Amino acid sequence: MKLSYDSKYQLKESFADFSDFLKKHQDWTGWLNLEKLSEESLIAKIIEKSQYIRENCDVFLLVGIGGSYSGAKAIIESLKGYFVDSKPEIYYVGNSLSSEYLFNLKEKIKDKDIVINYISKSGSTLETKVVLEELEKLMAEKYEDSELQKRIIYTTSNPEIVPEGFDYFLIPNNVGGRFSVFTPVGLLPVAVAGIDIRELLDGAKAVDQDLAKEYALFRKKMIESGKEIEAYVVYEPKLDHLLEWVKQVYAESLGKNNQGIFPAGLVNTRDLHSYGQYLQEGKQNVFETVLVVDEKVEIMVPAYGKNLSEINKIAQKATTIAHQERVPNLIIEVGILDAFKMGQLLQFFMLSCVMSGYLEKVNPFDQEGVEGYKKEMLKLLT
Ligand code: PA5
């Protein structure tokens, strides 16, 4: 991985107190202990369970919201690529309250073999509880009790929610939702998708701490120069949900105390035909973080005598030049994205986010603000 940005930004600041900052929040830093998260007994159990799921269902339902689904979806969509007939088919459920979605999904899958992974750290999130209850009705119609017990797998920090006889994976207490991608929250669904989770974890362990610092310092410079919006940009549509994951990690971790940068996501070149106008001539309150990956396929475009992947890179470079004056940007070059690089990238973003919390004097691990809508909803519901 390589970072590049305009050399006029001098990024120097001491991180001397960073270890004290981590110590202060030690109840939430379990995700940094990758050796523990990747203990062989746990990885072997996850792989064994993923094999059972792959062999016994056509449809795998990941019921979760926020940090309890986003990382897995980001990894699977980014690494599996386009138009792949995956077995089992994977659906992400419980991240909305859409009855139309749930109804149509049930219609689509009712005659297929199903396994559910219910992922909720607290076990009390309304969206996922409601959806699980509805899906349980379908499962009870299809399967005897002993079969049902194998087909609903829980991932939680709260084993009290797990009915007797059902299997579950524990989310360590010291790992918060949006930092839990390298626990069974992310690892089980990713293994079900056939992705090598050992490679993923090896990549996470190989994170470059200095690059993470550099990125956090660049963001701080942007805040100091009055920028309010960070546009995360990709040139590969399959990375769309990766941007959703990054947005979730940064918005929920750093948007507090009346401060924080608003994260946005752009998939180019599509969004050059919409947001491109704003960036070129709108309010100058945005900076861009551009994620560049190399493509595996080459298609020659005779009109330009170049491969389409080269033209895509040229579009990215041209945009950088065109925006430069008004929209400062930082480029993250990843190379070909595989499981190892993906692990490295996700750990880079999580670590750098916490470093930003340190620099911005914000606790990145809580999310009191999220309770606002829940309280109002409870009042209206009762
Ligand atoms: O990052 C977080 O902590 C949140 O986004 C949670 O992951 C989300 O609210 C889901 O919570 P739970 O896993 O308890 O259902």
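Given the structure is predicted, the values throughout are model-derived calculations rather than measurements. (Residues numbered from 1 in each chain as written. Predicted model: local features only at pLDDT ≥ 70, side-chain atom pairs only at ≥ 80, totals over all residues. Heavy atoms only, no water.)

So, about the overall build of the chain. The helix and strand inventory of the chain stands at 15 helices and 12 strands. Relative to a compact globule of 382 residues, whose C-alpha radius of gyration would be 21 Å, the chain shows 22 Å and is just as compact. Projecting the C-alpha coordinates of the chain onto the three principal axes gives extents of approximately 65 × 55 × 45 Å. For the chain, the proportion of its 382 residues judged to be buried stands at 50%. Within the structure as shown, the chain displays about 18,400 Å² of accessible surface, and the carbon and sulfur contribution to it stands at 51%. The chain carries 45 positive and 57 negative side-chain charges, and their two centres are separated by 3 Å. (Helix = DSSP H or I, 4+ residues; strand = E, 2+ residues; numbered from the N terminus. Rg over C-alpha atoms; globule rule 2.2 N^0.38 Å. Buried < 20%, exposed > 50% of the residue type's maximum accessible area, 1.4 Å probe, protein only. Areas by Shrake-Rupley, 256 points an atom, 1.4 Å probe, with all protein chains shown as cover. Lys, Arg positive; Asp, Glu negative; His and termini not counted. Charge placed at Lys NZ, Arg CZ, Asp CG, Glu CD.)

Below, the discussion takes up the sheet that holds strand E2 (residues 59–63). Strands sit in the order E3-E2-E4-E5-E6 across an open sheet of five strands; the sheet is parallel. Bordering the open sheet on either side are strand E3 (89–93) and strand E6 (168–170), each of which pairs with just one other strand. Strand-to-strand twist in this sheet, taken as the mean axis angle between neighbours without regard to direction, amounts to 15 degrees. Across four bridges, strand E4 (residues 114–119) lies against strand E5 (residues 152–156) in parallel orientation. Counterpart to Asn117 in the pairing with E5 is Ile153. Taken strand by strand, helix H4 (residues 70–80) contacts E2 and E3, and its axis lies near 150 degrees from that of E3. (Pairing = 2+ DSSP bridges. Axes fitted to C-alpha atoms, helices over the stretch in contact; angles between N-to-C directions. Contact = heavy atoms within 4.5 Å.)

With respect to the helices and strands, the residue Gln344 is situated in helix H14 (residues 339–359). According to the relative accessible area criterion, Gln344 is buried, its value standing at 14%. If we skip the residues at most four places from it in the chain, Gln344 touches Gly203, Ala204, Ala206 and Val207.

It is worth spelling out the side chain of Ser78 at this point. Here Ser78 shows up in helix H4. Given a relative accessible area of 1%, Ser78 falls into the buried group. Leave out the neighbours within four places in its chain, and Ser78 touches Lys238, Leu239, Leu242, Leu337 and Met342.

Spatially, E1-E12-E9-E7-E8 is the arrangement adopted by the five strands of the open sheet, whose pairing is mixed. Edge positions in the sheet fall to strand E1 (2–5) and strand E8 (262–267), since each of these pairs with one other strand and no more. Here the strands of the sheet are splayed against their neighbours by 20 degrees on average, with no regard to which way each runs. Sheet topology places strand E9 (residues 286–294) next to strand E12 (residues 329–336); seven bridges connect them, and they run parallel. If you follow Leu291 over to E12, its bridge partner there is Ile332. Across the sheet, helix H10 (residues 209–224) is in contact with E1, strand E7 (229–234), E9 and E12; its angle to E1 comes to roughly 25 degrees. Sheet strands touched by H14: E1, E7, E9 and E12. Its angle to E12, the strand with the most contacts, is close to 155 degrees.

This next bit is on a nonpolar patch on the surface. Residues Val297, Ile299 and Leu308 make up a contiguous nonpolar surface patch of roughly 280 Å² in combined accessible area. Residue classification places Val297 among the exposed residues on the basis of a relative accessible area of 55%. (Patch = residues over 30% accessible without salt bridge, like charges linked within 9 Å, V, L, I, M, F, W, Y side chains within 5 Å. Salt bridge = Lys/Arg side-chain N within 4 Å of Asp/Glu carboxyl O.)

Another aspect to go through is the site of the ligand. Near the ligand, the surroundings consist of 13 residues, among which Ser68, Ser120, Lys121, Ser122 and Thr125 are the closest. In this structure, an oxygen atom belonging to the ligand sits 2.7 Å away from a side-chain N or O atom of Ser120. Between the ligand and the protein, one listed contact pairs an oxygen atom with a side-chain N or O atom of Gln248 at 2.8 Å. When its residues are assigned to classes, the shell around the ligand shows one nonpolar, nine polar and three charged. (Near = heavy atom within 4 Å. Polar contact = N/O pair within 3.5 Å; in protein donor to acceptor, adjacent residues only side chain to side chain. Nonpolar A, V, L, I, M, F, W, Y, C, P; charged D, E, K, R; others polar.)

So, about the pairing of E12. For E12, the tally of buried residues reaches six of eight residues, placing the bulk of the element in the interior. When E1 meets E12, the two strands line up antiparallel, connected through four bridges. Its bridge partner being in E12, Tyr5 is matched across the sheet by Leu330.

Before going further, it helps to spend a moment on the packing of aromatic side chains. Evaluated as defined, the whole model comprises 21 aromatic pairs. Seen from their ring centres, Tyr82 and Phe83 are 6.4 Å apart, and the 40 degrees between their planes marks the pair as tilted. Among the aromatic residues, those joined into a cluster by ring pairs are Tyr215, Tyr232, Tyr250, Phe348 and Phe349. The ring centre of Phe169 lies 4.5 Å from the NZ or CZ of Lys45, which sits over that ring. (Phe/Tyr/Trp six-rings, centres within 6.5 Å; stacked < 30°, edge-to-face > 60°. Lys NZ or Arg CZ within 6 Å of the ring centre and 35° of its normal.)

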